[in-house]
Amino acid sequence: MLIDYLPIGILVLLASLFAVGNIILSSILGPRHPNPEKLSPYECGIVPIGTARQRFSVKFYMVAMLFIIFDMEIVFLYPWAVVFNQLKLFGLLAMGTFLVILLVGYFYAWKKGGLEWE
C-alpha cells in the first residue's frame, strides 16, 4: 500500500529540491552591491523617524481590524450578485438580512468611536 504514495513523495522531493536550488542559485549568482542607501530601512519613501521599537496606539489596530472585517463581509456580495436571478425572493431576503446585520455592526462600531482617528 505504501507504493501508492510514491508519486506524491517524488513530487514533494522535486518541489523541495527546486525551491532549495533556486535559493542557492540566487545567493551564488545574484549581484551584491551594498551601499548605505540600499541598507537603510525603507518606510514609504520617507526617512524613518524614531526607533523601530516605537509603540503604536491601539486605535490603529482597531481601525485596521474593522476595515478587514467589513471588507471581508462585502466580499460576500459578489457571489450573491452572480446568482441573484436564481435565488429569487429568498436570496433577496437573505442578503437583506445580511446587510442589516452588517449595518448594525457598522453603526455600533461608529457609535463606540471605533472609526474615529485622533
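Bear in mind the structure is a predicted one, so any value in this text is a computation, not a measurement.

1. Examining the overall build of the protein chain
Piece 1. Within the protein chain, the secondary structure is distributed over five helices and zero strands.
Piece 2. Radius of gyration (C-alpha) of the protein chain: 25 Å, far over the 13 Å computed for a compact globule of 118 residues.
Piece 3. For the protein chain, the C-alpha atoms occupy an extent of roughly 60 × 60 × 25 Å along the three principal directions.
Piece 4. Taking all 118 residues of the protein chain together, the buried fraction comes to 7%.
Piece 5. Of the side-chain charges in the protein chain, 8 are positive and 7 negative, and the distance between the mean point of each set is 4 Å.

2. Considerations on unusual backbone geometry
Piece 1. If you check the backbone angles, K88 has positive phi at about 60 degrees while not being a glycine.
Piece 2. Given a relative accessible area of 59%, K88 falls into the exposed group.

3. Re a nonpolar patch on the surface
Piece 1. Nonpolar side chains collect at one region of the surface, where I3, L6, I10, L13, L14 and L17 lie side by side and expose about 610 Å² of accessible area between them.
Piece 2. With respect to the helices, strands and loops of the structure, L6 is situated in helix α1 (residues 6-29).

4. Thoughts on helix α5 (residues 84-111)
Piece 1. Helix length check: α5 (28 residues) gives 33 Å between terminal C-alpha atoms against 40 Å at 1.5 Å per residue, more than 12% under.
Piece 2. The largest bend along α5 measures about 75 degrees and falls at F90.
Piece 3. Within α5, burial applies to G91, M95, L102 and A109.
Piece 4. The inward-facing, buried residues of α5 abut α3 (58-75) and α4 (77-82).
Piece 5. Positive phi appears at G113, one or two residues downstream of α5, with a value of about 85 degrees.

5. Quick look at the packing of α3 against α5
Piece 1. Orientation of α3 relative to α5, taken along the N-to-C sense of each, is 165 degrees, at an axis distance of 11 Å. Taken together, the axes of α3 and α5 are roughly antiparallel relative to one another. The handedness of the crossing between α3 and α5 is left-handed. Contact residues: L66, F70, E73 and I74 in α3; F98, L102, G105, Y106 and A109 in α5.
Piece 2. Taken together, the residues of the contact of α3 with α5 break down into seven nonpolar, one polar and one charged.

6. A closer look at the confidence of the model for the protein chain
Piece 1. Counting all residues, the mean pLDDT for the protein chain is 86, and 97% of those residues have values of 70 or more.
Piece 2. Ranking the helices and strands of the protein chain by mean pLDDT puts α1 first, with 96, and helix α2 (residues 36-39) last, with 79.

Reading guide: rules and limits
- Residues numbered from 1 in each chain as written.
- Predicted model: local features only at pLDDT ≥ 70, side-chain atom pairs only at ≥ 80, totals over all residues.
- Heavy atoms only, no water.
- Helix = DSSP H or I, 4+ residues; strand = E, 2+ residues; numbered from the N terminus.
- Rg over C-alpha atoms; globule rule 2.2 N^0.38 Å.
- Buried < 20%, exposed > 50% of the residue type's maximum accessible area, 1.4 Å probe, protein only.
- Lys, Arg positive; Asp, Glu negative; His and termini not counted.
- Charge placed at Lys NZ, Arg CZ, Asp CG, Glu CD.
- Patch = residues over 30% accessible without salt bridge, like charges linked within 9 Å, V, L, I, M, F, W, Y side chains within 5 Å.
- Areas by Shrake-Rupley, 256 points an atom, 1.4 Å probe, with all protein chains shown as cover.
- Salt bridge = Lys/Arg side-chain N within 4 Å of Asp/Glu carboxyl O.
- Expected span 1.5 Å × (residues − 1).
- Bend = angle between axes of the 7 residues up to and from the residue.
- Contact = heavy atoms within 4.5 Å.
- Axes fitted to C-alpha atoms, helices over the stretch in contact; angles between N-to-C directions.
- Parallel < 35°, antiparallel > 145°, perpendicular 65-115°, else oblique.
- Left-handed = near helix turned anticlockwise from the far one by under 90°.
- Nonpolar A, V, L, I, M, F, W, Y, C, P; charged D, E, K, R; others polar.
- pLDDT = per-residue confidence, 0-100.

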